[in-house]
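# Coordinates in review
The residues making up each chain are set out below.
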Amino acid sequence: MKKKFWISFIITLTLGILVSLVLRQERAQASPTGYPIGGTVADFKLKNVDGNVVALSNYKDKKGVIVVFTCNHCPFAKAYEERIMGLDKKYASQGFPLVAINSNDAGDYEEDSFDNMKKRSQEKGYTFPYLQDDTQAIAKAFGATRTPHVFVLRNDGGKFTVQYIGTIDDNYQDPSGVTKRYVEDAVSNILSGKPVVATQTKAVGCAIGWKDA
């Protein structure tokens, strides 16, 4: 009984801290507008953790791209990390790779510095680019507000259009309890030539830490 009590207590305490963190950040941060469903995404170039510059146009021969705004420090990003890695491993070979972008202000979150991004990528064995959006211009262009916040882009004759915006699935706490896999469904539908049914959901995660204006 004591073991069950302490497990329940720790879970409740952790959830309380997460909710408090999200609400506090939500009050403090602005929300950009960004690309709508069906909107064409402008090309961008950002520095990858390997030192090279990666552009969206590098993927013009792909069927699409999964763009994930994420970071190192956020508990929600950490909870989804393995699933983010899994998306790239599942779909990159099918012509639909994943690109991760960290737009957080490293001045407020040292864990999200470029050096720590490199360490995280190496330690976890990321198979996808992990890009630094130091000016935060790309996050604002997309309208990203959370970590993680996902944008599924379809390649329409060389132009990338937004087909899905939102969260990865319906259970950030427990991967085994997921019943709706929004990103997987969107990508699978695009690959099979079908329209995306659920085009938008609410992103669940920490608010992006914006720099002072």
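Here, every reference points to the structure presented above.
Definitions and cut-offs
Residues numbered from 1 in each chain as written. Predicted model: local features only at pLDDT ≥ 70, side-chain atom pairs only at ≥ 80, totals over all residues. Heavy atoms only, no water. Helix = DSSP H or I, 4+ residues; strand = E, 2+ residues; numbered from the N terminus. Buried < 20%, exposed > 50% of the residue type's maximum accessible area, 1.4 Å probe, protein only. Polar contact = N/O pair within 3.5 Å; in protein donor to acceptor, adjacent residues only side chain to side chain. Core = buried A, V, L, I, M, F, W, Y, C linked by side-chain atoms within 4.5 Å. Contact = heavy atoms within 4.5 Å. Phe/Tyr/Trp six-rings, centres within 6.5 Å; stacked < 30°, edge-to-face > 60°. Pairing = 2+ DSSP bridges. Axes fitted to C-alpha atoms, helices over the stretch in contact; angles between N-to-C directions. 1 Å grid on protein atoms, 1.4 Å probe; cavity = no way out; pocket = protein on both sides within 12 Å on 5 of 7 lines; lining within 4 Å. Points joined across faces, edges and corners; volume = space filled by probe spheres on them. Nonpolar A, V, L, I, M, F, W, Y, C, P; charged D, E, K, R; others polar. Salt bridge = Lys/Arg side-chain N within 4 Å of Asp/Glu carboxyl O.

Attention now goes to the environment of Tyr 182. Structurally, Tyr 182 is set in helix H5 (residues 182-191). Once the C-alpha coordinates of Tyr 182 and Ile 165 are considered, the two residues, 17 residues apart in sequence, prove to be 9.3 Å apart.

What follows concerns unusual backbone geometry. In this structure, the amide linkage connecting Thr 147 to the following residue, Pro 148, adopts the cis form with an omega of 0 degrees. The backbone phi angle of Gln 136 is positive, close to 70 degrees, even though this residue is not glycine. Take Gln 136: its relative accessible area is 2%, and that puts it in the buried class.

Another aspect to go through is the side chain of His 149. The topology assignment puts His 149 in strand S7 (residues 149-156). On the basis of relative accessible area, His 149 is assigned to the buried category, the value being 7%. A polar atom in the side chain of His 149 sits 3.1 Å from the backbone nitrogen of Thr 145.

So, about the nonpolar core. Ranked by size, the top nonpolar core spans 32 residues in total, and within it Ile 66, Leu 98, Val 152 and Val 183 carry the most contacts. Elements with a minimum of two residues in this core: strand S3 (64-69), helix H2 (75-91), strand S4 (98-102), helix H3 (114-124), S7 and H5. Among the elements that line this core, the one with the most residues is H2, at seven residues. Residues within four places of Val 183 in sequence aside, it is in contact with Ile 66, Leu 87, Val 150, Val 152, Tyr 164, Thr 167 and Ile 168. Val 54, Ile 101, Phe 160 and Val 162 belong to the second largest nonpolar core, which has 24 residues in total.

It is worth spelling out the packing of aromatic side chains at this point. Here the structure, examined in full by the defined rule, presents eight aromatic pairs. Seen from their ring centres, Phe 44 and Phe 142 are 6.1 Å apart, and the 70 degrees between their planes marks the pair as edge-to-face. Linking Phe 44 in the loop between helix H1 (2-28) and strand S1 (45-48) with Phe 142 in helix H4 (residues 137-142), this pair joins segments that are 98 residues apart in sequence. Overall, the relative accessible area of 6% leaves Phe 44 in the buried class. The class for Phe 142 is buried, based on a relative accessible area of 1%.

Attention now goes to the sheet that holds strand S2 (residues 53-55). On the basis of which strands lie adjacent, the open sheet formed by seven strands has the order S2-S1-S5-S4-S3-S7-S8 and mixed pairing. The open sheet has two edge strands, S2 and strand S8 (159-166), and neither has a second partner. Recorded for the sheet is a direction-independent mean angle of 35 degrees between the axes of neighbouring strands. Packed on one face of the sheet, H5 meets S3, S7 and S8 and runs near 0 degrees to S7.

On to empty space enclosed by the protein, then. Counted according to the given criterion, the structure contains one cavity of 30 Å³ or more. Looking at the largest cavity, the residues that line it are Thr 70, Cys 71, Asn 72, Ala 77, Glu 81, Ile 84, Tyr 126, Phe 128 and Tyr 130. The leading source of residues in the lining of the largest cavity is H2, at three residues. Its residues assigned to classes, the lining of the largest cavity comprises six nonpolar, two polar and one charged.

One pass over the structure, following the stated rule, counts nine salt bridges. A salt bridge links Glu 184 to Lys 90; the nearest nitrogen and oxygen atoms lie 3.0 Å apart. Taken together, the residues Glu 184 in helix H5 and Lys 90 in helix H2 connect sequence positions 94 residues apart. When its relative accessible area of 23% is taken as the criterion, Glu 184 is described as partly exposed. For Lys 90, a relative accessible area of 39% translates into the label partly exposed. The closest approach of N and O atoms between Asp 156 and Arg 154, which form a salt bridge, is 2.7 Å.

As a further point, take the side chain of Ser 121. Inspection of the secondary structure puts Ser 121 in helix H3. Residues within four places of Ser 121 in sequence aside, it is in contact with Val 49, Tyr 126 and Tyr 130.

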